[in-house]
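# Coordinate analysis (summary)
This is what each chain is made of:
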Amino acid sequence: MSKAERKAEVVDLKDRAAARQERLPVLKTYKLFIDGKFPRSESERYYALTSANGESIANVQLGSRKDFRNAVVAARKAFPGWAGRTAYNRGQILYRMAEMLEGRRAQFIEELETLGASRSEAETETAMAVDRLIYYAGWADKFQQVFSSVNPVASSHFNFSMLEPTGVAALLAPEDSGLLGLISVVAPAVAGGNSVVVLASHSKPLAAITFSEVLHTSDLPAGVINILTGTRKELLKHFASHMDVNALVYCGSDAEEIRTVQLEAAENLKRVVIEENSDWQSEERQSPYTILATQEVKTTWHPIGL
Amino acid sequence: MPRNNAALAVTLPPQFVPIDEVGIDERVSRFSKRSIKKSSKVQALKLALSMLDLTTLSAHDTPERVRQLCHKAKNLLETMPELPHVGAVCVYGPLVKVAKEVLKGTKIHIAAVSTAFPSGMAPLKTKLIETRQFVADGADEIDMVISRGKFFEGDYDYVADEIAAVKEACGKAHLKVILETGELNTLDNVRRASDIAMHAGADFIKTSTGKVQPAATPQVTLVMLEAIRDFYYATGKKIGMKPAGGIATAKQALHYLVMLRETLGEAWLTPDLFRFGASKLANDILMQLVKEQTGAYQSIDYFSME
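One structure accompanies this document, and this report is about it. (Residues numbered from 1 in each chain as written. Chains lettered and ligands numbered in written order. Predicted model: local features only at pLDDT ≥ 70, side-chain atom pairs only at ≥ 80, totals over all residues. Heavy atoms only, no water.)

## What about the nonpolar core?
What counts, and what does not: Nonpolar cores are built from buried Ala, Val, Leu, Ile, Met, Phe, Trp, Tyr and Cys residues. Side-chain atoms within 4.5 Å join them into one set. We call a residue buried when its accessible area falls under 20% of the maximum for its residue type, exposed when it is over 50%, and partly exposed in between, using a 1.4 Å probe and counting protein chains only. Where helices and strands are cited, they refer to DSSP runs of H or I of at least four residues and of E of at least two residues respectively, numbered from the N terminus. Contact between two residues is taken to exist if any of their heavy atoms lie within 4.5 Å; hydrogens are not considered.
Judged by nonpolar contacts, the single largest core of 94 residues is most densely connected at Leu52, Val89, Ile163, Val177, Ile228 and Phe276 of chain B. Per element, the largest residue contribution to this core is nine residues, and it comes from helix α10 (residues 250-264) of chain B. Residues contacting Ile228 of chain B, with those up to four places away along its chain left out, are Met198, Ile205, Ile239, Gly240, Met241, Leu264 and Trp268 of chain B. Phe33, Val185, Val224 and Ile227 of chain A belong to the second largest nonpolar core, which has 61 residues in total.

This is the structure:
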């Protein structure tokens with residue numbers, strides 16, 4: 001090889017290195033989160049998410065009623081184990097979720113920004129999301145003491161009331177708050193021992209799916225939290241009518257949707273919670289009473305003095 | 001080795017049929033890809049119900065439990081009186097009389113497991129005594145187990161003669177021969193045991209006791225169905241098939257029916273020639289039927305356990 005040739009080859013290598021710098025983008029496939037796994041929708045459908053200026057951001061799974069059915073099966077399977085854990089342990093796992101979320105703040109801020117939030121809005125929302133998880137982690141083994149009671153009765157009974165999780169809760173997360181809103185409805189239900197299936201915001205689904213990666217690394221048993229993406233219009237009726245769902249939390253204020261929810265949920269007397277207030281940063285969004293919304297009160301009459 | 005009892009002489013298949021395991025897997029994977037929806041699904045599910053052997057085989061079965069099971073067999077679902085009745089109830093021999101009492105006047109058969117079920121480790125003499133007893137008590141069908149130890153010893157004559165002897169003890173009752181495929185290790189053995197059982201006089205061949213894992217799998221079922229087909233071509237006799245254990249969902253049941261239809265044809269789509277041995281399957285089928293009727297996914301909470 002002549003000197004000139006060798007020189008030409010070096011130049012060629014440099015060109016190739018430069019080309020390597022401009023890598024092809026590696027885009028994440030945003031999938032569903034069911035039973036601790038990340039499946040595509042069984043319907044093989046998806047919808048395109050575009051940014052404010054019309055750029056394509058991602059293809060998001062368009063979950064079907066069968067995906068919902070599978071998620072309920074997973075949640076039902078996970079429920080006894082989760083409800084049977086000590087409240088303290090549930091708190092530990094919620095705290096772990098907060099830790100994992102904290103470590104990935106940058107990613108969440110970026111995703112919120114991609115979908116139209118300003119830098120400072122995204123930072124605030126992410127920080128509040130972490131704090132909200134910690135808040136409910138703390139309450140996980142304390143709300144029982146606050147809300148349980150020993151009741152005065154006239155007969156010779158020791159009468160006491162205590163809380164139990166309602167069971168499988170189906171949640172329609174708020175449309176306008178992709179991360180904080182989602183966590184604000186998921187955390188209290190899960191802290192109280194329910195297993196949940198949640199439909200993420202249709203227009204802001206990125207943070208919800210990335211949050212499922214946080215869940216995946218948080219010692220949370222598979223199936224306790226299942227996250228779907230798709231359209232509320234298509235899934236609402238099934239969320240409300242599924243006989244194996246015990247509670248339904250609806251976030252929004254569409255009168256027609258609320259009517260459907262209440263009618264369909266009546267079939268098996270689901271507990272229905274309607275959250276019309278959409279200010280997820282407000283004080284009242286962070287309260288032990290939100291845990292109470294998906295709890296049942298069990299009262300026991302224990303004979304004494306016999 | 002010649003046996004001294006000439007009456008029990010049986011004709012063993014002329015040669016051993018080897019099984020291609022890869023081919024079986026390949027074929028089996030196709031059966032789960034048929035799309036059966038709406039009215040054809042309802043029809044198939046009803047057929048599956050009529051083929052069901054509603055089973056309770058626990059060491060702690062009580063007469064009351066059996067009565068309850070028989071009641072379920074008679075009244076599958078109060079809201080759907082048009083449903084077909086199940087094929088049979090399957091119980092331990094000592095409980096045949098109890099079942100007979102409850103099922104009097106119905107066409108539901110009573111199947112009793114016999115021959116030192118589930119191990120088969122007993123002298124032939126006692127196996128014959130118990131079989132005669134159960135038939136006298138009112139069993140319409142006898143489910144026997146083969147002597148797996150003798151099979152592995154290579155003493156196929158013993159296995160065949162034993163089946164022939166039990167068949168004789170059955171009298172008018174139908175004989176189902178359980179191969180316990182989970183212990184036979186290879187599909188070659190499954191095929192060999194199937195051939196032995198059919199030539200020795202079995203009316204049905206059955207995969208498993210339900211006490212050994214794996215129980216019924218699509219693979220062993222296909223091998224057994226093919227054995228039945230070859231036997232039919234050779235002798236003109238139609239032998240029945242009963243996969244048992246491990247079939248818990250309506251979807252699985254549909255896959256088995258597809259396999260049956262595509263291997264043996266329509267002549268076998270009857271409870272006289274095909275049965276499912278299962279305890280959880282009935283409720284899953286009922287849930288699917290109610291789902292088709294109401295449009296809402298169902299919960300096991302609203303169906304009677306047995």
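Next comes the rest of the write-up.
## Considering helix α8 (residues 187-200) of chain B
For the α-helix, the turn length of 3.6 residues means that residues three or four positions removed from each other point alike. Residue and element names in this part refer to chain B. Convention followed: Take the residue count of a helix, subtract one, and multiply by 1.5 Å to get its expected span.
With 14 residues, α8 ought to run about 20 Å at 1.5 Å a step, and its terminal C-alpha atoms sit 20 Å apart, in line with that. In terms of residue burial, α8 counts as a mostly covered element, since 11 of its 14 residues are buried. Regarding α8, the residues found buried are Leu187, Asn189, Val190, Arg191, Ala193, Ser194, Asp195, Ile196, Ala197, Met198 and Ala200. Those residues of α8 hidden inside the fold are in contact with α1 (21-31), α6 (148-153), α7 (156-170), β5 (174-178), β6 (204-206) and α9 (218-235). In the stretch just after α8, Gly201 is the one whose phi turns positive, near 120°.

## Some remarks on helix α3 (residues 87-103) of chain A
Taking 1.5 Å as the rise per residue, α3 of chain A with 17 residues should run 24 Å; its terminal C-alpha atoms sit 25 Å apart, in good agreement. Listed in full, the buried residues belonging to α3 of chain A are Ala87, Asn89, Arg90, Gly91, Ile93, Leu94, Met97, Ala98 and Leu101 of chain A.

## As for the packing of aromatic side chains
All names here are of chain B. We apply this condition: Geometry of aromatic contacts follows a simple scheme: Phe, Tyr and Trp rings, the Trp one being its six-membered ring, pair when their centres are within 6.5 Å, and the pair is stacked under 30 degrees between planes, edge-to-face over 60, tilted otherwise. By the criterion adopted, a ring carries a charge over it if an Arg CZ or a Lys NZ lies within 6 Å of its centre and within 35 degrees of its normal.
For the coordinates displayed, the defined rule picks out 12 aromatic pairs over all chains. Taking the centre distance of 5.9 Å and the plane angle of 85° together, the rings of Phe151 and Phe152 count as edge-to-face. Grouped by ring-pair contacts, the aromatic residues Phe151, Phe152 and Tyr156 constitute a single cluster. Over the aromatic face of Tyr297 sits the side chain of Lys291, whose NZ or CZ is 4.9 Å from the ring centroid.

## Quick notes on the interface of chain B and chain A
As a reminder, the rule being used: By buried area we mean the combined loss of accessible area, with a 1.4 Å probe, across both parts when two parts are placed together. Polar contact is the term for a pair of N or O atoms within 3.5 Å; when the atoms are in protein, one must be able to donate a hydrogen and the other to accept it, and sequence-neighboring residues count only if both atoms are side-chain atoms. In this count, Pro and Cys sit with the nonpolar residues alongside Ala, Val, Leu, Ile, Met, Phe, Trp and Tyr, while Asp, Glu, Lys and Arg are called charged and the others, Gly among them, polar.
Between chain B and chain A, the residue contacts involve 10 residues of the former and nine residues of the latter. Between chain B and chain A the total buried area reaches about 890 Å² when both faces are included, carbon and sulfur atoms providing 45% of it. When the buried surface of chain B facing chain A is broken down by residue, Tyr297, Ser299 and Tyr302 of chain B rank first, second and third, together holding 59% of it. At the surface where chain B touches chain A, the tally comes to three residue pairs in polar contact (both at pLDDT 80 or more). Of the residues contributing to the side of chain B that touches chain A, the split by class is three nonpolar, three polar and four charged.

## With respect to the environment of Thr62 of chain B
Take Thr62 of chain B: it is sitting in the loop between β1 (52-55) and α3 (63-74). Distance in space between the C-alpha atoms of Thr62 of chain B and Met80 of chain B is 28 Å, their sequence separation being 18 residues.

## A short note on the sheet that holds strand β6 (residues 195-199) of chain A
Residues and elements named next belong to chain A. Counted only if it meets this: Strand pairing is assigned whenever DSSP identifies at least 2 bridges connecting the two strands. For helices, the fitted axis covers only the stretch in contact; all axes are lines through C-alpha atoms, and the angles between them, taken along N-to-C directions, range from 0 to 180 degrees.
Across the sheet, five strands lie side by side as β7-β6-β5-β8-β9; this open sheet has parallel pairing. The strands lining the two open edges of the sheet, one partner per strand, are β7 (225-228) and β9 (271-275). Within the sheet, the average angular offset between the axes of one strand and its neighbour, ignoring direction, is 15°. In this sheet, strand β8 (residues 247-251) lies alongside strand β5 (residues 168-172) in parallel orientation, the contact comprising four bridges. Along β8, the bridge assignment pairs Leu172 with Tyr250. Strands in contact with helix α10 (residues 255-265) are β8 and β9; relative to β9, the strand with the most contacts, it is inclined by about 170°.

## Remarks on the pairing of β1 of chain B
Consecutive residues of a regular strand have side chains that alternate between opposite faces of the sheet. Residue and element names in this part refer to chain B. Side chains Leu52 and Leu54 of β1 all project onto a buried face; the interleaved residues Asp53 and Thr55 project onto the opposite face, where all are buried too. Where β1 meets strand β8 (residues 276-278), three bridges bridge the pair, whose relative direction is parallel. By the bridge assignment, Leu54 is partnered in β8 with Ala278. As paired elements, β1 and strand β2 (residues 88-92) share three bridges and run parallel to each other.

## A few points about a nonpolar patch on the surface
Defined as follows: Here, patches come from residues exposed beyond 30% relative accessible area and free of salt bridges, joined within 9 Å for like charges and within 5 Å for nonpolar side chains (Val, Leu, Ile, Met, Phe, Trp, Tyr). Each accessible area is a Shrake-Rupley estimate made with a 1.4 Å probe; only the visible protein chains count as cover when residues are assessed. Should a side-chain nitrogen of Lys or Arg be within 4 Å of a carboxyl oxygen of Asp or Glu, the pair is scored as a salt bridge.
Together, Val150, Phe158 and Ile304 of chain A make up a nonpolar patch on the protein surface, roughly 270 Å² of accessible area in all. The residue Ile304 of chain A is located in the segment after β10 (295-303) in this model.

## Side note on the sheet that holds β5 of chain B
Residue and element names in this part refer to chain B. One open sheet accounts for eight strands, arranged β7-β6-β5-β4-β3-β2-β1-β8; its pairing is parallel. Every other strand in the sheet has two partners, leaving β7 (240-242) and β8 as the edge strands with one partner each. Pairwise comparison of adjacent strand axes, ignoring direction, gives a mean angle of 25° for this sheet. Bridging between β6 and β7 involves three bridges; their strand directions are parallel. Pairing of Ile205 across the sheet is with Met241, part of β7. α9 rests against β6 and β7 of the sheet, and its axis sits at about 170° to β7.

So yeah, pure geometry; function would need other evidence.
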